[in-house]
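Residues per chain are reported as follows:
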Amino acid sequence: FVAGTEVRPLRCERILCRAVKLKISLAPPDIGQPEVPELPKLTEPEPELERSPPAVPALEPLPPQLQRTHAKAAQKVLKGLRLNLQRLSAILPMGLGDGALGASIVKELFRTTKMRPFRALVLMPEVMLEEAEARYKAVAGGGLLVMRLEASDSGTDKVVKALTSSIGLVVVGSYADAIYFVRGFRRARSQLMNLLVCEMAHVALTDDEDAYKVVMEWEKTYRVQVLQSLFISGQSLEADPVQGLEEATMEVPGVPSYKVVARRGGPGGPEVFAVHLEQAQKSGLTVPLKLVVLQANSKGLIEGLAALHQSLGVEIVKAIPESAGGGKEEAVDVLNQEVQNRTQGQCKVLVGTAVPDAILVVGNQPDPMFLLQAVGQLAFKVRQKKAAYIVILGGSGPAPTAAWQAMSAHDPRLKLATQKAAVDRAKRGQSLGWEDLPSLLQDMLVDGFGPEKVSKNWLLKAVDEAILNAADSWDLMYGHFLAFRETMEDPTKPVPLGAEIHGVEVGKWVARQFLAWRSGTLSPNRRELLTQGGLDVEEKDSQSFAQGLAEFEQHVQDRHGNPYVPPAYFTPSGFPLAAWCIKQRADWRRGLLSVERQYMLDAVGFSPVAHPDDVAVREETRAVEAILRSGQLFPQKRRNRIFADLLKRYHPDSMARLVRRTNKAALDQVVQFLAGYRDWFLNPPRPPAKVEEIDSKLIGFDMD
């Protein structure tokens with residue numbers, strides 16, 4: 001039926017015939033089949049992860065003595081890992097064969113560990129990636145895949161693919177690129193990482209923030225669980241490490257062959273193997289480093305290098321490449337030709353040499369990590385050399401400063417000697433003489449060779465520049481502080497806030513040190529130095545608290561009862577009231593403030609949580625504090641009800657917000673203020689007997 005009308009069969013046939021004729025008449029003309037070009041035969045590509053690894057570049061064999069050192073270290077490290085030490089360190093000279101020790105440990109651990117899949121992350125400074133990656137790729141195979149970590153989104157994708165498809169995986173990358181592995185690890189939903197290897201871990205003790213986050217604060221920064229961590233370092237990562245497996249473990253009584261971890265150590269864990277720099281020099285593995293200062297001009301440089309060859313037997317001088325902040329290649333080629341002409345071809349200046357006799361540190365901004373590795377390479381003993389030389393031009397500028405910093409990072413003894421020289425220099429207020437230098441600095445400086453202009457005065461000028469530019473500013477300030485203490489008639493009195501000497505504000509520096517001391521951010525070594533300098537933190541802290549209490553009370557009185565203290569505020573007398581308030585609240589929150597001081601602060605209107613900076617929100621929090629203070633001595637149940645009613649009133653999701661049309665962000669700040677006040681209002685500690693009773697005459701208040 002169509003529109004209620006019966007359609008007869010004959011009519012249907014006619015309609016069908018017309019449709020067919022219409023379709024035929026509209027058919028397109030025949031243009032033939034399109035010509036398809038002949039395509040090459042397609043082959044299914046192999047999966048990327050199953051391809052054979054790329055050819056590993058040729059690696060120079062390590063000196064036999066270094067190979068023996070690596071073998072002993074690997075034995076100790078593997079024993080520590082099998083004893084389930086979560087963190088452990090191996091201390092040995094670095095710069096030559098970097099990556100070889102870690103690669104051998106990872107290979108043996110993969111071979112002997114039954115847990116599958118096996119996951120290891122190897123991180124290091126960018127400068128050593130090429131050689132170390134080659135050494136790790138040399139141990140690949142047998143189900144173990146070694147891949148380079150790329151700093152890109154595609155690199156993260158490759159990490160995800162590798163984590164989900166391989167039974168054994170080693171990812172090699174730089175400290176700066178660790179976040180790309182972490183992203184891939186989370187996307188792959190991996191639960192656990194077997195091993196984290198930190199090569200050249202002592203760079204975390206320098207200004208390298210990326211290395212510090214990985215070595216010292218891995219779990220805090222990246223929140224990725226690691227079963228075990230290995231730190232291969234050129235020096236100890238902490239002042240007083242646990243030394244050796246014997247000190248780190250203890251035997252279980254009744255089970256002679258079983259041990260458990262007794263001391264886990266600090267950030268680097270126990271040092272299961274250690275050959276420190278002094279031991280390496282005594283054993284003949286490395287040689288002492290010497291500093292050579294030449295005139296900062298082309299003639300002085302060429303003549304000085306020629307004299308180094310004639311007087312000290314230097315044959316190969318390594319120049320910092322342009323890619324690492326050194327001089328241009330054309331300039332190095334010209335210098336090399338001139339030096340060879342003067343030495344009959346027996347002394348050369350090269351860029352790519354591995355273990356030279358000397359390093360020439362020039363350039364606008366030498367890479368500190370490259371220098372640190374180059375200094376480590378320089379120190380290894382080859383070709384029967386008795387010493388290694390670091391050559392700088394003049395004493396000032398970025399290149400000499402970088403050279404001093406690299407030497408200090410390489411040798412902790414030199415760092416201590418430089419610190420001592422910095423303190424003495426600041427204490428005197430003038431440059432040091434030759435006899436005033438620490439003996440280690442005297443032995444390190446090369447004088448009296450070749451050109452007559454290389455004298456002790458020239459070297460002293462270079463040392464003075466290094467102290468002022470490369471030494472830690474804290475050591476210089478400490479020297480100024482000692483100098484001021486000697487000028488005080490009564491050294492037992494505190495250093496005034498406005499104290500100055502040599503044009504330096506010592507008083508404010510001392511105040512900052514005590515704030516850092518009390519907040520726990522001052523190192524134990526610096527605390528000990530301040531104590532030796534005559535500062536008593538407990539006595540000073542009591543004086544500071546009493547002064548701050550009086551200053552805060554006067555501040556509130558001057559502002560007609562308003563307790564708000566602006567950020568970075570100093571009182572008219574020069575007292576850092578804002579910093580003092582921050583410290584008191586931090587100590588209160590962490591339980592470091594005595595009960596007596598808590599009640600003393602409360603008595604002058606000091607709250608355990610700061611009022612907001614916004615004026616409108618601060619009016620709300622001041623009203624809330626007034627209510628809380630009015631109910632401090634009420635019974636527990638009534639205090640609970642007061643606090644609950646305030647929380648309901650100011651909660652961002654409450655109906656009161658809709659009625660009052662209050663900004664939600666502002667209410668969040670009020671709720672945060674309440675949260676900070678909660679413990680003091682609901683569960684205050686029992687007042688100490690010595691504290692005067694607080695006036696209990698309170699204005700009646702009823703929340704209803």
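Structural data are supplied above this passage.
Before going into details, it helps to say that this report is about the structure given with it.

The rules we used
- All chains use their own residue numbering, which begins from 1 and follows the written sequence.
- Two thresholds apply to this predicted model, a pLDDT of at least 70 for residue-level local features and 80 or more for giving and counting side-chain atom pairs, whereas whole-chain, interface and lining totals are computed over all residues.
- Derived side-chain values reflect all non-hydrogen atoms in the structure, with water molecules and hydrogen atoms excluded from consideration.
- Each helix is a run of H or I in the DSSP string that is no shorter than four residues. Each strand is a run of E no shorter than two, and both are numbered from the N terminus.
- In this scheme, a residue with accessible area under 20% of its type's maximum is buried, one over 50% is exposed, and one in between is partly exposed, where area comes from a 1.4 Å probe on protein chains only.
- Only the six-membered ring of Trp is used, alongside the rings of Phe and Tyr, when aromatic pairs are assigned; centres must lie within 6.5 Å, and planes under 30 degrees apart are stacked while those over 60 apart are edge-to-face, with the rest tilted.

Looking at where Lys-158 falls in the secondary structure, it is placed in helix H5 (residues 153-165). When its relative accessible area of 30% is taken as the criterion, Lys-158 is described as partly exposed. Considered as a pair, Lys-158 and Arg-148 are 10 residues apart in the sequence and their alpha carbons are 9.7 Å apart.

On to the packing of aromatic side chains. What the rule picks out here adds up to 14 aromatic pairs. When the centroid spacing of 5.7 Å and the interplanar angle of 35° are considered together, the rings of Phe-181 and Phe-185 count as tilted. Of this pair, Phe-181 and Phe-185 both sit in helix H6 (residues 178-187), four residues apart, which is roughly one turn of that helix. Residue classification places Phe-181 among the buried positions, given a relative accessible area of 1%. Seen in terms of ring centroids, Trp-580 and Phe-606 are 5.9 Å apart; in terms of plane orientation they differ by 75°. Their pairing is edge-to-face. Of the two residues, Trp-580 is situated in helix H22 (residues 577-589) and Phe-606 in the loop between helix H23 (595-603) and helix H24 (615-630); the sequence distance between them amounts to 26 residues. Given the relative accessible area of 2%, Trp-580 is considered buried. Residue Phe-606 is classed as buried on the basis of its relative accessible area of 0%.

For the bond from Arg-116 to Pro-117, the omega torsion is 0°, close enough to zero to count as cis. Topologically, Pro-117 is positioned in the loop between helix H3 (100-112) and strand S2 (118-124). Not every positive phi belongs to a glycine, and Asn-84 is a case in point at roughly 65°. Relative to the helices and strands, Asn-84 resides in the loop between helix H2 (64-82) and strand S1 (87-91). Even without being a glycine, Arg-189 presents a positive backbone phi close to 55°. Looking at the secondary structure, you find Arg-189 in the loop between H6 and strand S5 (193-199).

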